[in-house]
Amino acid sequence: MRSRSQYLREMGLIPWTLITDTRVIDQYVEPASNDLESPGKVSPSGWTSLQQQVRNCTRCNLHTTRKTTVFGEGNPKANWLLVGEAPGAEEDRQGLPFVGRAGQLLNRMLFSIGLARNDVFVANVLKCRPPDNRDPFGEEVSACESFLHQQVKFIQPKIILAMGRFAAQALLRTDQTIGQLRGRIHRYPAYDIPLVVTYHPAYLLRSPQSKAKAWADLILALAESERVAGGEDV
Ligand code: SF4
């Protein structure tokens, strides 16, 4: 059984002392169930209806090439909403976001700040996989973005973590680079929710030298979420 310190070292990070408990890592890295618990801040019927709309969606051409839709996974009462770009091949096959090596790294990143997958909700801007993992087209984003918008409205997270350039640019409606967007608190325009930009776990697997920056992003997001939860933002 590995300790939290060992996982941080595997992320290329010097262990930090924010978390002092000794919870077992396995309970954190176990994938969250695809059976969403009844949402608390949301109308259960509205949430179920939204899931069904996504499942049956044919608004853009991606419905012709997908194996399955990927609605998102996790706790619909979560304070944290994590948003990536679009499903990859394995996500398309399983119908779940962030599986495989990138998903495992995401679990370790969450664990490093005391969170488990079941503590957050994870979604993508696009609910269907672009063929061959190409960049999404603008019309696909336009067709799909209302689903994510409704997810944000239902979940009412205290913090949104935009993972990767595409998600950050889509959520903030900007063409700024990830380097320009990192390191500060943005606001998700529609609902004025704090938003932090960080790297996509798949990028971190290719560029482990950026893990320290991702760690700094997580700490920024954690501090902001705790500030908001503490009522300083209301
Ligand atoms: Fe519908 Fe979004 Fe899938 Fe396009 S990507 S078919 S808009 S769910």
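Computed from a predicted model, the values in this text were never measured in an experiment.

1. A closer look at the packing of helix H3 (residues 44–55) against helix H6 (residues 138–155)
Axes are the key here: two packed helices are described by the angle between their axes and the distance separating the axes.
Here comes step 1: Two elements in contact, H3 and H6, have axes separated by 11 Å at closest approach and are oriented at 165 degrees. Taken as axis vectors, H3 and H6 run roughly antiparallel relative to one another. For the pair H3 and H6, the crossing hand works out as left-handed. Contact with H3, carried on its side by Gly 46, Trp 47, Leu 50, Gln 53 and Val 54, involves Phe 147, Gln 150, Gln 151, Phe 154 and Ile 155 of H6 and no other residues of that element.
Here comes step 2: Each residue belonging to the contact of H3 with H6 can be placed in one class, and the counts come to 6 nonpolar, 4 polar and no charged.

2. What about the environment of Val 125?
Here comes step 1: Summarising the element assignment, Val 125 is placed in the loop between strand S3 (120–124) and H6.
Here comes step 2: Along the primary structure Val 125 and Ser 146 are separated by 21 residues, whereas in three dimensions their C-alpha atoms are 9.4 Å apart.
Here comes step 3: Not counting residues up to four positions away in its chain, the partners in contact with Val 125 are Val 83, Gly 84, Glu 85, Val 141, Cys 144, Leu 148, Phe 166, Ala 167 and Ala 170.

3. A word on the site of the ligand
Here comes step 1: Cys 57, Arg 59, Cys 60, Leu 62, His 63, Arg 66, Lys 127, Cys 128, Ala 143, Cys 144 and Phe 147 make up every residue found near the ligand.
Here comes step 2: Taken together, the residues that form the shell around the ligand break down as 7 nonpolar, 1 polar and 3 charged.

4. Focus on the environment of Thr 69
Here comes step 1: Within the fold, Thr 69 resides in the loop between H3 and strand S1 (73–74).
Here comes step 2: Through-space distance from the C-alpha of Thr 69 to that of Pro 87 is 8.5 Å; in sequence the pair is 18 residues apart.
Here comes step 3: Ignoring sequence-local partners within four residues, the contact set of Thr 69 consists of Val 54, Arg 55, Gly 95, Lys 127 and Cys 128.

5. Overview of the confidence of the model for the protein chain
Low pLDDT means the predicted atomic positions in that stretch should not be read closely.
Here comes step 1: Overall, the predicted model of the protein chain reaches an average pLDDT of 85, with 80% of residues at or above 70.
Here comes step 2: Ignoring residues within four places in sequence, the model shows residues 14–40, a span with pLDDT below 50, making 52 contacts including any to other chains.

6. Notes on the pattern of salt bridges
Here comes step 1: Summed over all chains, the structure comprises 8 salt bridges.
Here comes step 2: In this structure, Asp 135 and Arg 165 form a salt bridge, with 3.9 Å as the shortest nitrogen-oxygen distance. Of this pair, Asp 135 sits in the loop between S3 and H6 while Arg 165 is found in helix H7 (residues 165–172), placing the two residues 30 residues apart along the sequence.
Here comes step 3: Among the residues examined, Arg 165 registers a relative accessible area of 41% and is labelled partly exposed.
Here comes step 4: With a closest N to O distance of 2.8 Å, Arg 182 and Asp 217 form a salt bridge. Remark: Asp 217 occurs in helix H10 (residues 211–229) and Arg 182 occurs in the loop between helix H8 (178–181) and strand S5 (186–188); sequence separation between them is 35 residues.

7. Topic: the sheet that holds strand S2 (residues 80–84)
Strands in a sheet are paired, the pairing made by backbone hydrogen bonds, and the direction either parallel or antiparallel.
Here comes step 1: Strand order across the open sheet formed by 6 strands is S1-S3-S2-S4-S6-S5, with mixed pairing between neighbours. For this open sheet the edge positions go to S1 and S5, each flanked by a neighbour on one side alone.

8. Brief notes about the pairing of strand S6 (residues 193–198)
Here comes step 1: Of all 6 residues that make up S6, 6 are buried, and the element is covered over most of its length.
Here comes step 2: A two-sided burial pattern is seen for S6, the buried positions comprising Ile 193, Leu 195 and Val 197 on one face and Pro 194, Val 196 and Thr 198 on the other.
Here comes step 3: The pairing of strand S4 (residues 159–163) with S6 spans 4 bridges and is classified as parallel. When the bridges of S6 are listed, Ala 162 appears paired with Val 197.
Here comes step 4: Pairing of S5 with S6 involves 3 bridges; the strand directions are antiparallel. Across the sheet, Arg 187 pairs through a bridge with Pro 194, a residue of S6.

9. Considering the packing of aromatic side chains
Here comes step 1: Evaluation of the coordinates by the stated rule reveals 6 aromatic pairs.
Here comes step 2: Seen in terms of ring centroids, Trp 47 and Phe 71 are 5.3 Å apart; in terms of plane orientation they differ by 85 degrees. Their pairing is edge-to-face. Linking Trp 47 in helix H3 with Phe 71 in the loop between H3 and S1, this pair joins segments that are 24 residues apart in sequence.
Here comes step 3: Among the residues examined, Trp 47 registers a relative accessible area of 1% and is labelled buried.
Here comes step 4: Counting every residue linked through ring pairs, the aromatic cluster contains Trp 47, Phe 71, Phe 121 and Phe 154.

Calculation rules
Residues numbered from 1 in each chain as written. Predicted model: local features only at pLDDT ≥ 70, side-chain atom pairs only at ≥ 80, totals over all residues. Heavy atoms only, no water. Axes fitted to C-alpha atoms, helices over the stretch in contact; angles between N-to-C directions. Helix = DSSP H or I, 4+ residues; strand = E, 2+ residues; numbered from the N terminus. Parallel < 35°, antiparallel > 145°, perpendicular 65-115°, else oblique. Left-handed = near helix turned anticlockwise from the far one by under 90°. Contact = heavy atoms within 4.5 Å. Nonpolar A, V, L, I, M, F, W, Y, C, P; charged D, E, K, R; others polar. Near = heavy atom within 4 Å. pLDDT = per-residue confidence, 0-100. Salt bridge = Lys/Arg side-chain N within 4 Å of Asp/Glu carboxyl O. Buried < 20%, exposed > 50% of the residue type's maximum accessible area, 1.4 Å probe, protein only. Pairing = 2+ DSSP bridges. Phe/Tyr/Trp six-rings, centres within 6.5 Å; stacked < 30°, edge-to-face > 60°.

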